[in-house]
Amino acid sequence: MSRPDDPFDTYLLRVFHTLMAECSVSRTAARMNQSQPAISSALKRLREIFGDPLLIKDKQRMVPTERAMQLHASVRLVLGELDALLAPESSFDPATTRQVFRIGTPDYLAPPLMAAVAQYMRETAPAARLVLQPLGPDYDFEAALAEGELDVVIGNWPQPPEHLRTTLLLEDEIVCLVDERHPCAARMTLADYLQGSHVVPLLYSVTQRGVVETALASQRMSRTGTVTVPYFGLAPHLLPGTDLIFTTSRHFAQYYAGLLPLAIVPAPVDFPPMRFYQLWHGRTQLAPGHVWFRSLLSAVVRTVGATRYLLDGERGDSSKQKPF
């Protein structure tokens, strides 16, 4: 069929494609709603362009030449690509999509949260793929978002980058995690905290100061980073049998308190809530698949997020734990 609204000059290719299917100038003219002289003129122009007769008369019909047969495969491919390019954006269907979704995040979200994301994706988008990219000081996540290497970044900045789109995923209390026999396992004073030995994870962004350090600096306080770890998930495993203190979000602390002999203690510093955001680039703002994926992340957090992972008391009693 002809496309009068076609912004590309593909008329001759469409004439050629139809001629190859009909092997008749008159039938091609009827099918394309064109006059026979117009189709004959187009065929003449095609012959000049390709230096080949393309179709020759054989009794009552036209027969493609060898050159025309070779060209036809490429013309079909080109026209198919152009039609796909010009077609309206199709609606997104999670059940059939094979899209790859890429999240950049440090490991400060307790594993059950990402497990819930993976579970929900497997149930609703079984052919889709999920890629988790660890963040670190040498990884430029802002460039990765701009260039399409990442679709979403999850972070807990005091102030998220203003040039990126942002949604608050969850807000969580900051607590201290210590060995269950730690002298401050029942109660920690401000002096205990400031004079204690702390486990401190490496920052994942060279342009952002950590939430804890930012809050301490605003109150003209500081702590001693006795042990620095490359990632958050290692920190809880260093606490049993030591006097080390790890400051983190309650949902993260609660998860590891259920696995290790640890206690959760209220932080004696007036920390603001730890806010976890999802960030994305404006280039994916309206893309249906990305809109769905960001909604999925928000829905999972609302359903199984940190606000549901609370203790009746202040210590990590595994008998009181609720599913994440």
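### Some words on the packing of aromatic side chains
For the coordinates displayed, the defined rule picks out 10 aromatic pairs. Pairing F101 with F293 gives two aromatic rings, centres 4.6 Å apart and planes at 15°, and the pair type is stacked. In this pair, F101 sits in strand β3 (residues 100–104) while F293 sits in helix α10 (residues 288–304), placing the two residues 192 residues apart along the sequence. Assigned by exposure class, F101 and F293 land together as buried.

### Looking at the sheet that holds β3
The strand order across the open sheet formed by 5 strands is β4-β3-β5-β12-β6, and the pairing between neighbours is mixed. The sheet terminates laterally at β4 (129–133) and β6 (165–172), the two strands that pair on one side only. Strand after strand, the sheet turns through a mean of 20° between neighbouring axes, direction not considered. As paired elements, β6 and strand β12 (residues 274–280) share 7 bridges and run antiparallel to each other. Pairing of L170 across the sheet is with F276, part of β12. This element, helix α5 (residues 111–124), spans β3, β4, β5 (152–155) and β6 of the sheet and lies at about 160° to β4.

### Things to note about helix α1 (residues 11–22)
End to end, α1 covers 16 Å across 12 residues, agreeing with the expected 16 Å (1.5 Å per residue, within 8%). Within α1 the residues assigned to the buried category are R14, V15, F16, T18, L19 and M20. In the stretch just after α1, C23 is the one whose phi turns positive, near 55°.

### Here we look at the nonpolar core
The biggest cluster of nonpolar side chains holds 56 residues, and the ones touching the most others in it are L177, M188, Y193, F246, F271, F293 and L297. The element best represented in this core is α10, accounting for 6 residues. Ignoring anything within four residues of it in the chain, the contact list for Y193 reads C176, M188, H198, V212, L216, R223, I245, T247, P268, V269 and F271. Counting residues in hydrophobic clusters, the runner-up holds 18 residues, among them A42, L54, M62 and L71.

### Regarding the pattern of salt bridges
Applying the stated criterion to the full structure yields 7 salt bridges. Here R45 makes a salt bridge to E48, at a shortest N to O gap of 3.4 Å. Highlighted residues: R45 and E48, both in helix α3 (residues 36–50), separated by 3 residues, approximately one helical turn. With its nearest N and O atoms 2.8 Å apart, the salt bridge here joins E173 to R250. Of this pair, E173 sits in the loop between β6 and β7 (174–179) while R250 sits in helix α9 (residues 250–257); the two residues are 77 residues apart in sequence, bridging distant segments of the chain. Its relative accessible area of 5% is what places R250 among the buried residues. Sharing partners across several salt bridges, the network here consists of E22, R27 and R31.

### Regarding the sheet that holds strand β11 (residues 262–266)
Strand order in the open sheet formed by 5 strands is β9-β8-β10-β7-β11, and the pairing between neighbours is mixed. Sheet topology places β9 (224–229) and β11 at the edges, where each strand pairs with a single neighbour. Each neighbouring strand pair of the sheet contributes to a mean axis angle of 40°, computed without reference to strand direction. Of the strands in this sheet, β7, β10 (244–249) and β11 are in contact with α9, which crosses β10 at around 125°.

### Considerations on the pairing of β4
Side-chain direction in a regular strand flips from residue to residue, so the side chains alternate between the two faces of the sheet. Relative to β4, β3 is paired through 5 bridges, and the arrangement is parallel. Residue pairing across strands places R102 opposite V131, the latter belonging to β4. Taking the sense of rotation as the criterion, the β-α-β connection linking β3, α5 and β4 turns out right-handed.

### What to know about the pairing of β3
Burial analysis of β3 places 4 of its 5 residues in the buried class, which makes it a mostly covered element. As paired strands, β3 and β5 are joined by 2 bridges and run parallel to one another. If you follow I103 over to β5, its bridge partner there is V152.

### Examining the confidence of the model for the protein chain
Residues at a pLDDT of 70 or more form 86% of the protein chain, whose mean pLDDT is 84. This stretch, residues 1–8, has a pLDDT under 50; its non-local contacts, to residues over four places away or in other chains, come to 12 contacts. Here residues 306–324 is a poorly scored stretch, pLDDT under 50, and it has 42 contacts once near neighbours within four places are set aside; other chains count.

### Description of the packing of α1 against α3
Remark: α1 packs on α3, axes separated minimally by 10 Å, with the N-to-C direction vectors making an angle of 100°. Classified by the angle between their axes, α1 and α3 sit roughly perpendicular to one another. Two secondary-structure elements touch here, α1 through Y11, L12, V15, F16 and L19 and α3 through A38, I39, A42, L43, R45, L46 and I49.

Scoring rules and cut-offs
Residues numbered from 1 in each chain as written. Predicted model: local features only at pLDDT ≥ 70, side-chain atom pairs only at ≥ 80, totals over all residues. Heavy atoms only, no water. Phe/Tyr/Trp six-rings, centres within 6.5 Å; stacked < 30°, edge-to-face > 60°. Helix = DSSP H or I, 4+ residues; strand = E, 2+ residues; numbered from the N terminus. Buried < 20%, exposed > 50% of the residue type's maximum accessible area, 1.4 Å probe, protein only. Pairing = 2+ DSSP bridges. Axes fitted to C-alpha atoms, helices over the stretch in contact; angles between N-to-C directions. Contact = heavy atoms within 4.5 Å. Expected span 1.5 Å × (residues − 1). Core = buried A, V, L, I, M, F, W, Y, C linked by side-chain atoms within 4.5 Å. Salt bridge = Lys/Arg side-chain N within 4 Å of Asp/Glu carboxyl O. Right-handed = clockwise from strand over helix to strand, strands pointing away. pLDDT = per-residue confidence, 0-100. Parallel < 35°, antiparallel > 145°, perpendicular 65-115°, else oblique.

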